[in-house]
Amino acid sequence: MATEVHNLQELRRSASLATKVFIQRDYSDGTICQFQTKFPPELDSRIERQLFEETVKTLNGFYAEAEKIGGSSYLEGCLACATAYFIFLCMETHYEKVLKKISRYIQEQNEKIFAPRGLLLTDPVERGMRVIEISIYEDRCSSGSSSSGSSSGSGSSSSAGGGGAGAR
Amino acid sequence: MSVMVVRKKVTRKWEKLPGRNTFCCDGRVMMARQKGIFYLTLFLILGTCTLFFAFECRYLAVQLSPAIPVFAAMLFLFSMATLLRTSFSDPGVIPRALPDEAAFIEMEIEATNGAVPQGQRPPPRIKNFQINNQIVKLKYCYTCKIFRPPRASHCSICDNCVERFDHHCPWVGNCVGKRNYRYFYLFILSLSLLTIYVFAFNIVYVALKSLKIGFLETLKETPGTVLEVLICFFTLWSVVGLTGFHTFLVALNQTTNEDIKGSWTGKNRVQNPYSHGNIVKNCCEVLCGPLPPSVLDRRGILPLEESGSRPPSTQETSSSLLPQSPVPTEHMNANEMPEDTSTPEEMPPPEPPEPPQEAVEAEK
């Protein structure tokens, strides 16, 4: 079986950007960072609803963990205050650690799930935590330069739906 | 024979950021453009404390206790550290929407409101959200081309949207927002304590020395004392009052901006949906809660093909947009003069941040 990990650089070379979808923030719980899990219609033919929702829910969970107000965050805050915040010169905050986890998760999701479907998730941190940007690519080369049947398509742009079907 | 190594100049993202901020130390330091009053703050604090350490402390350390200058030094270092942290850090600026995102939002707005015929003023763009059973309106920012998150506001002086915008403080030379509010609060708190401390020990010094050599001789020997007492006296009234006001805001989890606009005054049964209802919990969240890192990525390196282009200057875009006029008053009440924050030199010099003080007076 050919590798399931679709090379992202190959995707960029062989595919052209068709459009972008932006998942907006969900403020119903206040100012904490949460994204809407509403499934955008543009992704209807590209990815399963459940996979998409799972990804967004996991991201929301990570952000909730980063912004959690509890014993450990108070301890960190008080310790930082006691050292006149000089401790931040040598220590990473809890939030920054979780953001790194989120970066790794998004990269993993891109490699395993999104890139084979011709999609690319952009880390919200690169968009000021305002949106999750999902780039939709259309394959432009005729020969299947991408790896297995789970790739985004075998050539023409109309095969995008077939790529999704091939993944199932 | 020598090999020439050509070093390409790296362009960092801060060089191309829109907005009216100044950056120093290759993007590590971020401040507002007008820094004159900040330098005055620094000068007053450094000058007064230098005089105190040089004259009064030497006498009091011998006569009373060496702990006096030690404690003063700790207070002084803490307030300087928090002042510099407040002034130099990113207050929580929300980066502007990239063209793709802006176009997507425009499309959504047009789909909701319908296309506006050419030449007609577009309707105000508002989205409603329900937070804890309160309807919160999100306003669209025409400069940044985003729907502002709740509690965010656009600062007309720095020309940025700032999260949990409190106010623009000319005395620290920066906006006070989500990321630096705790430093600001600790700065005014420690400055209050420092001012009270220096004032009190100046009085003690004058009293002790006058017993030995007389009042006028004391003043002649250390004329700096008079200056210190004067500065501390005026600073006391303003900074201590400001600290009290912000303690009240922290306890209720409100911002100066919301207080001035009267967002949660209780009329129409509107309650603050962000407050936990418990003073201790509110204080803990505001002062010791998790600190989000800056999303501006000032020191990121721009790819070569982007480094040649420059985002449109905000003066050009803002002057051409019709609905821009309400935006500069966003962070001030409609009946407060918005010019107060942009022309701080008109205010009486010894008084620290004016807008919140006006809010205190308005409340009285």
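Reading the values: the criteria
- Residues numbered from 1 in each chain as written.
- Chains lettered and ligands numbered in written order.
- Predicted model: local features only at pLDDT ≥ 70, side-chain atom pairs only at ≥ 80, totals over all residues.
- Heavy atoms only, no water.
- Salt bridge = Lys/Arg side-chain N within 4 Å of Asp/Glu carboxyl O.
- Buried < 20%, exposed > 50% of the residue type's maximum accessible area, 1.4 Å probe, protein only.
- Helix = DSSP H or I, 4+ residues; strand = E, 2+ residues; numbered from the N terminus.
- Polar contact = N/O pair within 3.5 Å; in protein donor to acceptor, adjacent residues only side chain to side chain.
- Core = buried A, V, L, I, M, F, W, Y, C linked by side-chain atoms within 4.5 Å.
- Contact = heavy atoms within 4.5 Å.
- Pairing = 2+ DSSP bridges.
- pLDDT = per-residue confidence, 0-100.
- Axes fitted to C-alpha atoms, helices over the stretch in contact; angles between N-to-C directions.
- Parallel < 35°, antiparallel > 145°, perpendicular 65-115°, else oblique.
- Left-handed = near helix turned anticlockwise from the far one by under 90°.
- Nonpolar A, V, L, I, M, F, W, Y, C, P; charged D, E, K, R; others polar.
- UniProt positions renumbered as here; feature names shortened; annotations may be inferred.
- Domains from an automatic or database assignment.
- Buried area = accessible area lost by both parts, 1.4 Å probe.

## Brief notes about the pattern of salt bridges
For the structure shown, the criterion picks out 17 salt bridges over all chains. Between Glu92 of chain A and Lys100 of chain A there is a salt bridge whose closest N-O contact spans 2.3 Å. Given a relative accessible area of 27%, Glu92 of chain A falls into the partly exposed group. Look at Lys100 of chain A and you get partly exposed, because its relative accessible area is 45%. The shortest N-O distance in the salt bridge between Lys209 of chain B and Glu221 of chain B comes to 2.3 Å. With Lys209 of chain B in helix 4 (residues 181–213) and Glu221 of chain B in helix 5 (residues 215–221), the pair connects residues that are twelve residues apart, well separated along the chain. Among the residues examined, Lys209 of chain B registers a relative accessible area of 10% and is labelled buried. With relative accessibility at 46%, the residue Glu221 of chain B sits in the partly exposed group.

## Regarding the environment of Ser65 of chain B
Residue and element names in this part refer to chain B. By the element assignment, Ser65 lies in the loop between helix 1 (36–63) and helix 2 (67–88). Among the residues examined, Ser65 registers a relative accessible area of 25% and is labelled partly exposed. A distance of 3.0 Å separates the side chain of Ser65 from the backbone nitrogen of Ala67, its partner in a polar contact.

## Some details on unusual backbone geometry
All names here are of chain A. The backbone of Tyr85 shows a phi angle near 65°, a positive value even though the residue is not glycine. One can find Tyr85 in the loop between helix 3 (71–82) and helix 4 (94–114). According to the relative accessible area criterion, Tyr85 is buried, its value standing at 3%. Unlike most non-glycine residues, Met129 shows phi in positive territory, near 60°. For Met129, the position within the fold is in the loop between strand 2 (119–122) and strand 3 (131–139).

## Some words on the environment of Met91 of chain A
Summarising the element assignment, Met91 of chain A is placed in the loop between helix 3 and helix 4. For Met91 of chain A and Ala80 of chain A, which are eleven residues apart along the polypeptide, the C-alpha to C-alpha distance reads 9.8 Å.

## Remarks on the nonpolar core
Residues and elements named next belong to chain B. Ile45, Leu83 and Phe184 are the most contacted members of the largest nonpolar core, which has 42 residues in total. Contributing elements (two or more residues each) for this core: strand 2 (29–32), helix 1, helix 2, helix 4, helix 6 (224–252) and helix 8 (279–288). The element best represented in this core is helix 4, accounting for twelve residues. Here Leu83 is in contact with Phe38, Thr41, Leu42, Ile45, Val172 and Phe187, once residues within four sequence places are set aside.

## Some points on the sheet that holds strand 7 (residues 153–155) of chain B
Within the open sheet, the three strands sit side by side as 3-8-7 (chain B). Their pairing is antiparallel. A single partner strand is all that each edge strand has here, and the edge strands are strand 3 (93–94) and strand 7 of chain B.

## Comments concerning the confidence of the model for chain A
With 74% of its residues at a pLDDT of at least 70, chain A reaches an overall mean of 78. When the criterion is pLDDT under 50, residues 142–168 of chain A qualifies, and its contacts beyond four places in sequence or with other chains add up to 44 contacts.

## A few points about the packing of helix 2 of chain B against helix 4 of chain B
Residues and elements named next belong to chain B. Contact pair helix 2 / helix 4: the axes reach a minimum separation of 8 Å and the direction vectors enclose 150°. Between helix 2 and helix 4, the interaxial angle falls into the category roughly antiparallel. Between helix 2 and helix 4 lies a crossing of left-handed hand. In this structure, helix 2 contributes Ala67, Ile68, Phe71, Ala72, Leu75, Phe76, Phe78, Ser79, Thr82, Leu83, Arg85 and Thr86 to the contact, and helix 4 contributes Tyr183, Phe184, Leu186, Phe187, Ser190, Leu191, Leu193, Leu194, Tyr197 and Phe201. Classifying every residue of the contact of helix 2 with helix 4 by side-chain character gives 17 nonpolar, four polar and one charged.

## Quick word on the UniProt feature "domain: Golgin subfamily A member 7/ERF4" (unreviewed entry) in chain A
UniProt feature "domain: Golgin subfamily A member 7/ERF4" (unreviewed entry): in the numbering of this structure it lies at residues 21–133 of chain A. Within the segment residues 21–133 of chain A, helix and strand shares are 45% and 10% respectively, and the terminal C-alpha atoms sit 6 Å apart.

## Quick notes on the UniProt feature "domain: Palmitoyltransferase DHHC" (unreviewed entry) in chain B
Feature annotation in UniProt assigns "domain: Palmitoyltransferase DHHC" (unreviewed entry) to the following positions: residues 137–261 of chain B. Along residues 137–261 of chain B one finds 60% helix and 15% strand; the C-alpha atoms at either end are 14 Å apart.

## Overview of the domain arrangement of chain B
Assigned domains of chain B: these are domain 1 (13–94 + 166–288) and domain 2 (99–148). Summarising the inter-unit geometry, the C-alpha centres of domain 1 of chain B and domain 2 of chain B are found 39 Å apart.

## Things to note about the side chain of Asn253 of chain B
Residues and elements named next belong to chain B. One can find Asn253 in the loop between helix 6 and helix 7 (256–261). The buried category is assigned to Asn253, whose relative accessible area is 2%. A distance of 3.0 Å separates polar atoms of two side chains, one belonging to Asn253 and the other to Arg164. Setting aside residues no more than four positions away along its own chain, Asn253 makes contact with Arg151, Arg164, Asn272, Tyr274, Ser275, His276, Asn282, Glu285 and Val286.

## Focus: the interface of chain B and chain A
Listed as interface residues are 36 residues of chain B and, on the opposing side, 36 residues of chain A. Carbon and sulfur atoms supply 68% of the area buried between chain B and chain A, which totals about 2,900 Å² over both sides. Three residues, Glu101, Phe104 and Pro290 of chain B, lead the burial of chain B against chain A; their summed loss comes to 19% of the area buried on that side. Run the count over chain B and chain A and you get two salt bridges. Note that Glu101 of chain B and Arg130 of chain A form a salt bridge whose closest N and O atoms lie 2.8 Å from each other. Here chain B and chain A share five residue pairs in polar contact (both at pLDDT 80 or more) between them. Broken down by element, the residue count for the side of chain B that touches chain A peaks at five residues, all from helix 8 of chain B. Counted by class, the side of chain B that touches chain A contains 25 nonpolar, three polar and eight charged residues.

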